[in-house]
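Architecture at a glance
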Protein chains: 4
Amino acid sequence: MAYKYSTELLYEAAVDQLHNLGVTLDDIAEIVHLLQVDYIPDLTMGECRENIVAVLQKREVLHAVLTGLAIDDLAEKGMLPEPIQSIIASDESLYGIDEVLPLGIVNLYGTIGLTNFGYLDKKKVGIIDHLDKLKRSNVNHEHVETFADDIVAAIAAAAAARIAHTRL
Amino acid sequence: MAYKYSTELLYEAAVDQLHNLGVTLDDIAEIVHLLQVDYIPDLTMGECRENIVAVLQKREVLHAVLTGLAIDDLAEKGMLPEPIQSIIASDESLYGIDEVLPLGIVNLYGTIGLTNFGYLDKKKVGIIDHLDKLKRSNVNHEHVETFADDIVAAIAAAAAARIAHTRL
Amino acid sequence: MAYKYSTELLYEAAVDQLHNLGVTLDDIAEIVHLLQVDYIPDLTMGECRENIVAVLQKREVLHAVLTGLAIDDLAEKGMLPEPIQSIIASDESLYGIDEVLPLGIVNLYGTIGLTNFGYLDKKKVGIIDHLDKLKRSNVNHEHVETFADDIVAAIAAAAAARIAHTRL
Amino acid sequence: MAYKYSTELLYEAAVDQLHNLGVTLDDIAEIVHLLQVDYIPDLTMGECRENIVAVLQKREVLHAVLTGLAIDDLAEKGMLPEPIQSIIASDESLYGIDEVLPLGIVNLYGTIGLTNFGYLDKKKVGIIDHLDKLKRSNVNHEHVETFADDIVAAIAAAAAARIAHTRL
């Protein structure tokens with residue numbers, strides 16, 4: 001089927017939007033390395049990066065990334081209708097849709113993807129911790145990263161699972 | 001914890017937004033009845049309606065409903081960033097986030113919720129069929145119901161599962 | 001890593017055990033064809049079969065198939081401890097683990113896999129209907145197919161989703 | 001519907017079988033406390049225990065617990081058919097059905113249940129660590145705890161999520 005936008009274009013848009021949040025593929029590769037190096041001692045950062053790129057070639061993954069980051073963007077601009085605008089902008093404690101949407105990424109990589117995602121959601125490491133702190137310091141909601149940290153965690157968890165399935 | 005908005009207010013917002021799409025709780029109750037009457041011959045429309053209301057008392061369910069309908073609303077107004085604006089507005093064939101988000105509703109009601117949701121997603125009945133046809137007839141995207149039909153299916157599937165767990 | 005059993009051997013074991021239940025890959029291909037022919041009019045039975053074989057090359061899929069069929073086998077022989085022996089042998093109406101286990105298959109193929117599985121679980125077609133009727137006619141539990149019908153539905157749903165992702 | 005076994009009887013069977021593995025409800029309560037005390041400083045062990053008992057009143061939860069522990073039991077006795085007998089007895093690194101089955105427990109408690117489960121699966125604490133070490137030290141497979149540690153993690157994660165939904 002002919003799509004209006006190629007997968008390549010969606011990939012470029014996703015990487016650009018992550019960059020705008022201060023997140024590089026190398027930041028994500030560091031998390032992937034951390035998750036898998038205990039099991040695969042010779043794992044290189046290059047292999048982590050390649051697996052992230054492979055994850056980001058799937059159209060479904062890109063749909064999840066772009067949808068999540070679009071919601072953050074609109075919440076940041078105050079453009080969502082109330083009451084959901086306030087709930088998302090403040091990342092209310094029981095708001096969990098930011099953890100549901102990444103299931104569209106991690107489920108594709110089996111239970112290793114899912115459990116790594118759960119781990120990263122609790123134990124925020126590296127750039128995820130940075131995004132989370134940015135969000136929490138941000139009492140006036142000039143920046144909204146409600147979905148961003150979970151999206152980054154899901155990409156890292158998926159890439160880690162992809163490595164496990166190739167190497168273990 | 002004190003929320004900015006009470007659950008009651010979220011419920012009213014969700015019901016109002018469904019009404020604006022032409023969806024009443026009775027429309028959803030008809031689908032629930034259809035799903036369960038073979039197993040529970042004495043099932044009344046009133047019991048279906050009560051179970052829908054009970055499903056819509058859960059804050060997580062309301063979060064999913066309000067987030068999904070907000071995405072449709074913004075896509076309809078052309079306010080999402082490209083390329084995701086075009087993908088959602090046209091409900092591209094491999095776009096599946098509209099089926100991921102309702103998992104936040106149906107998973108709470110176990111596998112009966114999940115399988116009923118899968119069934120309704122394929123076999124569009126009643127108001128879901130109406131929303132789906134509205135969407136497909138709508139080539140210029142003045143109306144966007146990409147998430148709406150799946151949200152309605154998820155509410156019906158959850159209420160059907162709730163009845164099964166109470167009555168079977 | 002060196003496994004005790006190769007993936008090829010697991011595949012042979014899974015296909016053999018399905019044959020013993022009277023289920024051939026062609027029976028499953030018929031269901032896959034039914035699910036996708038409306039979207040892909042030139043879909044052949046050969047293509048359906050190839051996609052089933054591809055699904056059954058994944059070690060995780062084979063793990064789910066072999067685990068589910070082993071539980072049925074032991075329940076049939078009355079070798080599970082009570083009370084779970086009776087619950088599984090009679091496929092009690094709220095027993096849903098036979099629908100949870102196949103999530104390990106269908107989730108790998110995204111929401112199209114999941115919704116097709118839900119559909120087949122409700123709308124039993126072809127060999128799934130046959131297995132289901134066998135189970136229901138079987139009041140003394142000489143044959144137990146509690147997991148078998150759901151496993152077959154999951155393989156068909158996964159293959160259908162794999163075709164959708166390749167062809168749509 | 002009249003069940004052959006009451007929910008109370010299933011509960012007693014589940015608690016007994018956990019005891020036989022050296023796992024008490026207090027062991028699980030310690031994990032729940034650990035997961036939630038940062039968010040709820042006045043959380044008591046009694047409240048953790050009550051929530052575990054509430055989780056274990058759901059028939060679907062008990063089905064998952066009893067099915068998982070039955071598989072371990074049969075694998076320990078060498079009664080599963082090959083090749084799945086060896087795969088489960090050795091908890092092969094890519095065998096993930098022991099993480100799929102507990103989804104039937106944690107999904108009922110929303111994304112907080114799911115992410116806590118993923119966290120515990122990676123970061124084994126308390127009795128889960130004990131079960132995991134028992135399994136790993138056990139090269140001849142006289143004891144099989146392939147499902148047991150994940151079942152315990154799922155009960156703890158579900159109880160933690162139940163507390164979060166009540167108290168946050």
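Residues numbered from 1 in each chain as written. Chains lettered and ligands numbered in written order. Predicted model: local features only at pLDDT ≥ 70, side-chain atom pairs only at ≥ 80, totals over all residues. Heavy atoms only, no water.

Some thoughts on the relation of the copies chain A and chain C
Our working definition: Here the copies are matched by least squares. The fit uses the C-alpha atoms of residues with pLDDT of at least 70 in both. We call two residues in contact when some of their heavy atoms are within 4.5 Å.
Laying chain A over chain C is done by rotating through 180° and shifting 0.0 Å along the axis; what remains is an RMSD of 0.0 Å. Expressed as a symmetry operation, the mapping of one chain copy onto the other fits a two-fold axis. Rotation axis and chain A: the residue whose C-alpha lies nearest the axis is A:Leu108, separated from it by 2.1 Å. Same-surface contact between copies: 100% of interface residues of chain A are shared with the interface of chain C.

Quick notes on the interface of chain B and chain A
Here is the rule we go by: Buried area adds together the accessible area that both of two parts lose upon being put together, with accessible area traced by a 1.4 Å probe. Salt bridge criterion: a side-chain nitrogen from Lys or Arg within 4 Å of a carboxyl oxygen from Asp or Glu. Where helices and strands are cited, they refer to DSSP runs of H or I of at least four residues and of E of at least two residues respectively, numbered from the N terminus. Lys, Arg, Asp and Glu make up the charged group, whereas Ala, Val, Leu, Ile, Met, Phe, Trp, Tyr, Cys and Pro make up the nonpolar group; the residues left over, Gly among them, are polar.
Taken together, the contact between chain B and chain A spans 36 residues of the former and 36 residues of the latter. Between chain B and chain A lies a buried interface of about 2900 Å² when both sides are counted; carbon and sulfur atoms form 73% of it. With its nearest N and O atoms 3.0 Å apart, the salt bridge here joins A:Arg59 to B:Glu92. Elements with a contribution of two residues or more to the side of chain B that touches chain A: helix H1 (7-20), helix H4 (59-76), helix H5 (84-89) and helix H6 (97-100) of chain B. Ranked by the residues each element gives to the side of chain B that touches chain A, the list is headed by H4(B), at ten residues. Partitioned by chemical class, the residues of the side of chain B that touches chain A number 23 nonpolar, seven polar and six charged.

Observations concerning a positive patch on the surface
Spelled out, the test is: A patch is a set of surface residues, each over 30% in relative accessible area and not in a salt bridge, joined within 9 Å for like charges and within 5 Å for the nonpolar side chains Val, Leu, Ile, Met, Phe, Trp and Tyr. For accessible areas, the Shrake-Rupley method is used with a probe of radius 1.4 Å. Any residue's cover is judged against the shown protein chains and nothing else. Think of it this way: Lys and Arg go in the positive column, Asp and Glu in the negative one, and His and the chain ends go nowhere. Every charge is mapped to an atom, namely NZ of Lys, CZ of Arg, CG of Asp or CD of Glu. A 1.4 Å probe rolled over the protein chains alone gives each residue an accessible area, and that area as a share of the maximum for its type sets the label: buried under 20%, exposed over 50%, partly exposed in between.
Judged by side-chain charge, A:Lys58, A:Arg162, C:Lys58 and C:Arg162 come together as a positively charged surface patch. Inspection of the secondary structure puts C:Lys58 in the loop between helix H3 (45-55) and helix H4 (59-76). Accessibility expressed as a relative area gives 31% for C:Lys58, which makes it partly exposed.

Notes on H4(B)
Heads up, the condition is: Helix span, as expected, comes to 1.5 Å for every residue beyond the first.
The terminal C-alpha atoms of H4(B) lie 26 Å apart, and with 18 residues this matches the ideal 26 Å at 1.5 Å per residue to within 8%. Most of H4(B) is tucked away, with 16 of its 18 residues classed as buried.

A look at the relation of the copies chain B and chain A
In the superposition of chain B on chain A (RMSD 0.0 Å, axial shift 0.0 Å), the rotation amounts to 180°. Taken as a fraction of all interface residues of chain B, those also at the interface in chain A reach 100%, which identifies the copy contact as same-surface.

Examining helix H8 (residues 110-122) of chain A
Residue and element names in this part refer to chain A. With 13 residues, H8 extends 19 Å from end C-alpha to end C-alpha; this agrees with the ideal 18 Å at 1.5 Å per step. In terms of burial, H8 is largely enclosed, as twelve of its 13 residues are buried. Buried within H8 are the following residues: Gly110, Thr111, Ile112, Gly113, Leu114, Thr115, Asn116, Phe117, Gly118, Tyr119, Leu120 and Asp121.

Things to note about the pattern of salt bridges
Following the criterion strictly, the structure yields 27 salt bridges over all chains and no others. Ionic pairing is found between B:Asp73 and B:Lys77, a salt bridge with its closest N-O pair at 3.1 Å. Residue classification places B:Asp73 among the partly exposed residues on the basis of a relative accessible area of 26%. Where D:Asp149 meets D:Lys124, a salt bridge forms, and the shortest distance between an N and an O atom there is 4.0 Å. Residue D:Asp149 is found in helix H10 (residues 148-167), and its partner D:Lys124 is found in the loop between helix H8 (110-122) and helix H9 (126-136); the two are separated by 25 residues along the sequence. Using a relative accessible area of 3% as the deciding quantity, one classes D:Asp149 as buried. In the salt-bridge network here, residues are joined through shared partners; they are A:Asp42, A:Glu47 and A:Arg167.

A few points about the packing of helix H2 (residues 25-36) of chain D against H8(D)
Residue and element names in this part refer to chain D. Keep this limit in mind: Only the contacting stretch of a helix is used when fitting its axis, a line to C-alpha atoms as for every element, and angles between N-to-C directions run 0 to 180 degrees. An angle counts as roughly parallel when it lies under 35 degrees, as roughly antiparallel when it exceeds 145, as roughly perpendicular when it falls between 65 and 115, and as oblique in every other case. When the near helix sits turned anticlockwise from the far one by under a right angle, the crossing is termed left-handed; a clockwise turn instead gives a right-handed crossing.
The contact between H2 and H8 brings their axes to 12 Å, and the two run at 110°. Classed by the angle they form, the pair H2 and H8 counts as roughly perpendicular. Two packed elements cross with a definite hand, and for H2 against H8 that hand is right-handed. Here H2 contributes Ile31, Leu35 and Gln36 to the contact with H8, which in turn contributes Asn116, Tyr119 and Leu120. Partitioned by chemical class, the residues of the contact of H2 with H8 number four nonpolar, two polar and no charged.

Remarks on the interface of chain A and chain C
Using the following cut-off: Under this definition, polar contacts are N or O atom pairs within 3.5 Å; protein pairs additionally need one hydrogen-donor-capable and one acceptor-capable atom, and for neighbouring residues in sequence, both atoms have to be side-chain atoms.
Contacts between the two partners involve ten residues from chain A, matched on the other side by ten residues from chain C. In terms of surface lost to chain C, no three residues of chain A exceed A:Asn107, A:Leu108 and A:Leu168, which account for 49% of the buried area on that side. Our enumeration of links across chain A and chain C arrives at zero salt bridges. Our count for the contact surface shared by chain A and chain C stands at two residue pairs in polar contact (both at pLDDT 80 or more). For the side of chain A that touches chain C, the residue count by class is five nonpolar, three polar and two charged.

Regarding the environment of D:Gly110
Looking at the secondary structure, you find D:Gly110 in helix H8. Overall, the relative accessible area of 14% leaves D:Gly110 in the buried class. Placed 48 residues apart in sequence, D:Gly110 and D:Ala158 show a C-alpha to C-alpha distance of 8.7 Å. Excluding residues that lie within four positions of it along the chain, D:Gly110 makes contacts with B:Glu60 and B:Leu108.

Some points on the environment of D:Pro102
Residue and element names in this part refer to chain D. Mapping Pro102 onto the fold places it in the loop between helix H6 (97-100) and helix H7 (103-106). As a C-alpha pair, Pro102 and Val15 span 87 residues in sequence and 16 Å in three-dimensional space. Apart from the residues lying within four places of it in its own chain, the contact partners of Pro102 are Ile97, Phe117, Asp150 and Ala154.

Just distances and angles here, no functional claims.
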